[in-house]
Amino acid sequence: MNKIQSENLNKNIGLDYAFRFLSSFLIVDGMFVLFLVQKGLPLWKVGILEGIFHATSIVTEIPSGALADLFGRKKVLMASRMCGIISSLIMVSSDSMLFLGIGFVFSAWSYNLLSGSEEALLYDTFVALGQEESYFKTNSRLNFIMEVSQGLALLAGGYLAEKSYFFCYMVMIAVDMAACLVCLFMEETGGYGRRVSIKSHFILSGSLIRGNRKLQFVLFHYSVLFAFHTCVFLYSQQYYFARGFSEGRIGMILLAVCGCTSMGALLSEKISAALGERASFVCGLLSAAGLMLMWSPNQAASILGFCMNSGANAVLYPLQSNELNRMIASEQRATIISVSSMCFSVFMIFLFPVIGFAAEDMELSNVIFGMGIMLSAYCCIAGRWQAKGAGRDL
């Protein structure tokens, strides 16, 4: 590698910091449940729309990763932001369940095309530079940037939502356009356009998963943990609104939560070094305890539980990313990362609507408490499974 190529690849790291901030500035994510409820949709219909999102992800997540592996990460990243723009335009302009569903399809594509591509581009950049050992620390910083960006977005979303949801989506469109611009300056790591059919690519990727029990465990385990947290995070809007909080105060709560997740992302490397293989199970149990504490009628205790759940969950993202990337070759990296996202969607498509239906018959606080019990039971079972060697094969 010559000096110019090395300098161009080094620029990817700084550009990815900017891209991660922009792609994480999801100003509508903190308020979309309230937005849809104000459009007149009951929670079970909101659950169906979220189910459409994850059903789309199940179908298109792996192909999106294959596109990035075969044709280049940069093109796919730009396509992801374009899908986000289309989704925002549909969401803000339609009240029809059909068109809202289409909007959720484009929203899913914006996540699918992003999920494996950005991470694969960054890791391959470190590989090309011969600096793989620096990936964990950089990824922790990127997750810190993501959490800060999401916190600022939620605060801005809470403020703008009190005035008009239209402004929220207009800001989202502008941010996605800026992210596209950042992508233009990124440098591909190369190796695309090789003569490998999509069918052959899937066969190779499938063989990699089938032959690696450790990889199977990582794909399953983290998907369960992330799905429980994501469901509660999304329903937390309605949960705190029902307890008498305004959109602005909910935004402040979510900002406090993002402060905790930012610290969790920064501390991930140190926690991993201290706890080793037990890190994900300890964080899972802390996350479960946070869910049960959210049930408390005391507002301060409930918010503390929400923060605990989110902070513990934030530690898990760099852990999962580091574990996955160490087991995957560059040729299948984006695809396997997309498989991880698809596994998450499988759990979400079941769990999110179930919570919505359950909340129709009982208080949402009781549903969340029950989820905490289930998650703690899962972590105990998974910990014993790994202790017996089920997750150790490489």
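In case you missed it, the structure is sitting above this.
So, here is what we can say about the structure in this document. (Residues numbered from 1 in each chain as written. Predicted model: local features only at pLDDT ≥ 70, side-chain atom pairs only at ≥ 80, totals over all residues. Heavy atoms only, no water.)

1. Some details on the layout of surface pockets
As a volume, the largest pocket reaches approximately 230 Å³. Lining the largest pocket are 16 residues, with Tyr222, Gly276, Glu277, Glu323 and Arg326 positioned closest to its centre. The set of elements that each furnish at least two residues to the lining of the largest pocket consists of helix 10 (213–242), helix 12 (279–294) and helix 13 (299–326). It is helix 10 that contributes the most residues to the lining of the largest pocket, 5 residues altogether. Roughly 200 Å³ of internal volume is contained in the second largest pocket. Elements with a contribution of two residues or more to the lining of the second largest pocket: helix 10 and helix 15 (364–387). (1 Å grid on protein atoms, 1.4 Å probe; cavity = no way out; pocket = protein on both sides within 12 Å on 5 of 7 lines; lining within 4 Å. Points joined across faces, edges and corners; volume = space filled by probe spheres on them. Helix = DSSP H or I, 4+ residues; strand = E, 2+ residues; numbered from the N terminus.)

2. Focus on the packing of aromatic side chains
The way to describe two aromatic rings as a pair is by their centre distance and the angle between their planes. Tallied over the entire structure, the rule returns 19 aromatic pairs. Centre to centre, the rings of Phe220 and Tyr378 are 6.3 Å apart; their planes meet at 55°, and the pair counts as tilted. Of this pair, Phe220 sits in helix 10 while Tyr378 is found in helix 15, placing the two residues 158 residues apart along the sequence. Taken together, the aromatic side chains of Phe233, Tyr239, Tyr240, Phe245 and Phe306 make up a single cluster linked through ring pairs. (Phe/Tyr/Trp six-rings, centres within 6.5 Å; stacked < 30°, edge-to-face > 60°.)

3. Here we look at the pattern of salt bridges
Tallied over the full model, the rule gives 5 salt bridges. One salt bridge connects Asp176 with Arg81, and the closest N-O pair in it is separated by 2.8 Å. Taken together, the positions of Asp176 in helix 8 (residues 165–184) and Arg81 in helix 4 (residues 73–93) put the pair 95 residues apart, joining distant regions of the chain. You'll find Asp176 and Arg81 in the same group, each marked buried. (Salt bridge = Lys/Arg side-chain N within 4 Å of Asp/Glu carboxyl O. Buried < 20%, exposed > 50% of the residue type's maximum accessible area, 1.4 Å probe, protein only.)

4. Details of a nonpolar patch on the surface
Taken together, the side chains of Leu89, Phe166, Phe167 and Met170 define a hydrophobic patch exposed on the protein surface, amounting to about 360 Å² of accessible area. Take the nonpolar patch: its biggest share by element is 3 residues, from helix 8. Following the sequence through the fold, Leu89 ends up in helix 4. (Patch = residues over 30% accessible without salt bridge, like charges linked within 9 Å, V, L, I, M, F, W, Y side chains within 5 Å. Areas by Shrake-Rupley, 256 points an atom, 1.4 Å probe, with all protein chains shown as cover.)

5. Some points on the state of the cysteines
Per the stated rule, a full pass over the model turns up 0 disulfides. The structure places no disulfide on Cys180, whose sulfur is separated from the nearest cysteine sulfur, that of Cys183, by 6.2 Å. Cys283 takes part in no disulfide bond, and the closest cysteine sulfur to it belongs to Cys379, at a distance of 9.5 Å. (Disulfide = S-S within 2.5 Å.)

6. Points about helix 13
Note on helix geometry: an α-helix contains 3.6 residues per turn, so any two residues three or four positions apart are oriented the same way. In this model helix 13 runs 42 Å from its N-terminal to its C-terminal C-alpha over 28 residues, within 8% of the 40 Å that 1.5 Å per residue would give. Burial analysis of helix 13 places 21 of its 28 residues in the buried class, which makes it a mostly covered element. Sitting at the amino-terminal end of helix 13 is Asn298, which places a side-chain oxygen 3.1 Å from the backbone nitrogen of Ala300. (Expected span 1.5 Å × (residues − 1). Polar contact = N/O pair within 3.5 Å; in protein donor to acceptor, adjacent residues only side chain to side chain.)

7. Some words on empty space enclosed by the protein
Throughout the structure, instances matching the rule amount to 2 cavities of 30 Å³ or more. Taken as a whole, the second largest cavity encloses approximately 40 Å³ of empty space. In terms of lining residues, the second largest cavity is bounded by Asn12, Asp16, Leu77, Glu118, Leu121, Leu122 and Met186. Take the lining of the second largest cavity: its biggest share by element is 3 residues, from helix 6 (residues 117–129). Split into classes, the residues belonging to the lining of the second largest cavity amount to 4 nonpolar, 1 polar and 2 charged. (Nonpolar A, V, L, I, M, F, W, Y, C, P; charged D, E, K, R; others polar.)

8. Overview of the environment of Ser107
Assignment of secondary structure puts Ser107 in helix 5 (residues 97–115). The spatial distance from the C-alpha of Ser107 to the C-alpha of Ala161 is 20 Å, given a sequence separation of 54 residues.

9. Side note on the environment of Asn313
Relative to the assigned elements, Asn313 resides in helix 13. The class of Asn313 is buried, set by a relative accessible area of 2%. Residue contacts for Asn313: discarding those within four places in its chain leaves Leu225, Phe226 and His229. (Contact = heavy atoms within 4.5 Å.)

10. Some words on the packing of helix 3 (residues 43–71) against helix 4
One way to put it is that helix 3 packs onto helix 4 with a least axis distance of 7 Å and a crossing angle of 140°. For the element pair helix 3 / helix 4, the angle class is oblique. Contacts from Ser64, Leu67, Ala68, Asp69 and Phe71 of helix 3 reach helix 4 at Arg73, Lys75 and Val76. Its residues assigned to classes, the contact of helix 3 with helix 4 comprises 4 nonpolar, 1 polar and 3 charged. (Axes fitted to C-alpha atoms, helices over the stretch in contact; angles between N-to-C directions. Parallel < 35°, antiparallel > 145°, perpendicular 65-115°, else oblique.)

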